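# Coordinate inspection notes
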Amino acid sequence: FFGLKKEQAIGLSLIDTAQNPELDAAFKKAMQTGEKIQLEVKTLFPQPRILETTITVLNTPRAKGAVAILHDVSELRRLETVRREFVANASHELQTPITAIKAISETLQGEGIEEEDLRRFMRDIEQQADRLGSLVSDLLSLAAVESGPAQYDMTEIDLKEIVASVIRQFEPQAHNYGVILESDIEENLLVRADWAALHKILSNLLDNAIKYNQPGHKAGISATIEGETATIRVWDTGIGMLSSELPRIFERFYRVDKMRSRELGGTGLGLSIVRHLVESIGGQISVDSKPGKGSEFFLRLPLADKED
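Residues numbered from 1 in each chain as written. Predicted model: local features only at pLDDT ≥ 70, side-chain atom pairs only at ≥ 80, totals over all residues. Heavy atoms only, no water.

### Structural notes on the overall build of the chain
For the chain, the count of helices and strands is nine helices and 10 strands. Relative to its length of 308 residues, the chain is extended, with a C-alpha radius of gyration of 27 Å against a globular reference of 19 Å. Principal axes of the C-alpha set define a box for the chain whose edges measure 90 × 70 × 40 Å. The buried share of the chain, reckoned over its 308 residues, is 36%. When the accessible area of the chain is evaluated, it comes to approximately 18,400 Å², of which 52% is carbon and sulfur surface. Averaging the positions of the 36 positive and the 47 negative side-chain charges in the chain gives two centres separated by 8 Å. (Helix = DSSP H or I, 4+ residues; strand = E, 2+ residues; numbered from the N terminus. Rg over C-alpha atoms; globule rule 2.2 N^0.38 Å. Buried < 20%, exposed > 50% of the residue type's maximum accessible area, 1.4 Å probe, protein only. Areas by Shrake-Rupley, 256 points an atom, 1.4 Å probe, with all protein chains shown as cover. Lys, Arg positive; Asp, Glu negative; His and termini not counted. Charge placed at Lys NZ, Arg CZ, Asp CG, Glu CD.)

Here is the structure:
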C-alpha cells in the first residue's frame, strides 16, 4: 500500500513509513483517547488508493500500541461512482424525449393548429418515441451483457459469411447517407465466437462508420490473420476523432459529438455494449482515429481450431 518493504519500514516513524498525515493523526488520536477509530484514508503513492481503516488500541503488560486493519476499497468506491453517474446520465437521457413529447402534446391541445404544423408535430413525436425506444432497448441490452456470465454458443463461424450478412443489412442505410461500403475477407477464414454476439458487434461498429461519415466517403470491414488470432478491422474515412477522446469512447453515454449523435438517434451506449460483448466472447477491441481521416476499430478473435 505504501511502496515500502518490511525491512525498509522497520525503525521508521509512522509518518515516514506511510507518508500520510491523515493516518498518522488517526493513530495519535486512538492512542490518546483509547477509542477505536474508523475512517477512509486516501493515498497517492505508489498509486491512488482508498483504504478503509480501523485502528484499535492494544494494551499489553509489556507495552501500549495500536494496530490498524487497512482494506483497499478503491474499486468498490469507483464502481459506486460509476453507478451514480450511470443513474444520473440514464435519467437525463430518458427525460429529454419525455419532455419533448409532453411539450408537443400540450401544443397539440391548443386551437388553430394548421394541418402542416400538425403533421410536423406528429413526425416529431414519432422521432422522440423512436429515440426513447432505442434508449430503452440499449439499456436492456447493456443490462443483459453486464449481468454476469451469459450462455454464449461459441462455435466455428465463417467470417466472410457473417460480414456479408452485416453488409447486406446496412446497404440501404449506406445508400441513404451516400457512403460506399466495402469488404475484404478471404475465403475459409474461421473464427470461434458466438454468432449473434459477433453479428451485433459488427453491426454496431458499421452503423457508426456510416453515420459518422460524409457523402462520397467509404466504410467497410476487412480481416487479417496474425498467428492464432483473426484481426477484424471496421473502418471509415469519415470525420474521425481526437486522440484525447479515444480512451473514453467505450464509456456508457459518452459521446464525441453530442449534438450530432442525438440528431442521428444515438443513445451513447452502443460502444459500451460492443466492449462488453467482445470481452464476453474472449476477444479484444481497440481503436485508432484521426480528425478528418476516419476511424479504425480492431477486433481480435481466436481462430477456430483446425480440427473443428
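### Considerations on the nonpolar core
Counting residues in hydrophobic clusters, the biggest one holds 52 residues, and the most contacted among them are Leu159, Val191, Leu198, Leu202, Leu206, Ile232 and Phe297. The contacts of phenylalanine 297, once residues within four sequence positions are left out, are Leu205, Ile232, Arg233, Val234, Met241, Ile249, Phe250, Leu271, Ile285, Ser286 and Val287. Formed by 11 residues, the second largest nonpolar core is a distinct cluster that contains Ala18, Ile37, Val41 and Ile55. (Core = buried A, V, L, I, M, F, W, Y, C linked by side-chain atoms within 4.5 Å. Contact = heavy atoms within 4.5 Å.)

### What about a nonpolar patch on the surface?
Residues Ile113, Leu118 and Met122 make up a contiguous nonpolar surface patch of about 230 Å² in total accessible area. Mapped onto the elements, methionine 122 comes out in helix H5 (residues 115–146). By relative accessible area, methionine 122 is classed as partly exposed at 44%. (Patch = residues over 30% accessible without salt bridge, like charges linked within 9 Å, V, L, I, M, F, W, Y side chains within 5 Å. Salt bridge = Lys/Arg side-chain N within 4 Å of Asp/Glu carboxyl O.)

### Remarks on the sheet that holds strand S10 (residues 294–302)
Across a sheet, strands are paired by hydrogen bonds formed along the backbone, either parallel or antiparallel in direction. Within the open sheet, the five strands sit side by side as S5-S7-S8-S10-S9. Their pairing is mixed. Edge positions in the sheet fall to strand S5 (180–184) and strand S9 (284–290), since each of these pairs with one other strand and no more. Direction aside, the axes of adjacent strands within the sheet are offset by 15° on average. Relative to S10, S9 is paired through seven bridges, and the arrangement is antiparallel. When the bridges of S10 are listed, serine 286 appears paired with phenylalanine 298. (Pairing = 2+ DSSP bridges. Axes fitted to C-alpha atoms, helices over the stretch in contact; angles between N-to-C directions.)

### Quick look at the pattern of salt bridges
Scanning the model with the defined rule gives 14 salt bridges in all. When the shortest N-O distance is used, the salt bridge between arginine 49 and aspartate 72 registers 2.8 Å. You can see arginine 49 sitting in strand S2 (residues 49–59) and its partner aspartate 72 sitting in strand S3 (residues 64–72), a full 23 residues away along the chain. Residue class for arginine 49 comes out buried when judged on its relative accessible area of 18%. Several salt bridges converge on common partners, so that one network encompasses Glu40, Glu52, Arg77 and Glu80.

### Here we look at the layout of surface pockets
Space inside the second largest pocket adds up to approximately 540 Å³. Listing elements by their share of the lining of the second largest pocket, those giving two or more residues are helix H4 (74–108), helix H8 (258–263) and helix H9 (270–280). Ranked by residues supplied to the lining of the second largest pocket, first place goes to H4 with nine residues. In the lining of the second largest pocket, the residues fall into six nonpolar, four polar and 12 charged. (1 Å grid on protein atoms, 1.4 Å probe; cavity = no way out; pocket = protein on both sides within 12 Å on 5 of 7 lines; lining within 4 Å. Points joined across faces, edges and corners; volume = space filled by probe spheres on them. Nonpolar A, V, L, I, M, F, W, Y, C, P; charged D, E, K, R; others polar.)

### Quick word on unusual backbone geometry
Going from phenylalanine 45 to proline 46, the amide bond is cis rather than trans, its omega being 0°. Inspection of the secondary structure puts proline 46 in the loop between strand S1 (37–43) and S2. Not every positive phi belongs to a glycine, and glutamine 19 is a case in point at roughly 50°. Overall, the relative accessible area of 63% leaves glutamine 19 in the exposed class.

### Quick look at the sheet that holds S1
Here we have three strands laid out as an open sheet, ordered S1-S2-S3, and antiparallel in their pairing. The strands lining the two open edges of the sheet, one partner per strand, are S1 and S3. Strand-to-strand twist in this sheet, taken as the mean axis angle between neighbours without regard to direction, amounts to 30°. Pairing analysis gives nine bridges linking S2 to S3, with the strands arranged antiparallel. Across the sheet, the residue bridging to threonine 56 is valine 67, located in S3. Across the face of the sheet, helix H3 (residues 21–33) comes into contact with S1, S2 and S3 while running at roughly 165° to S1.

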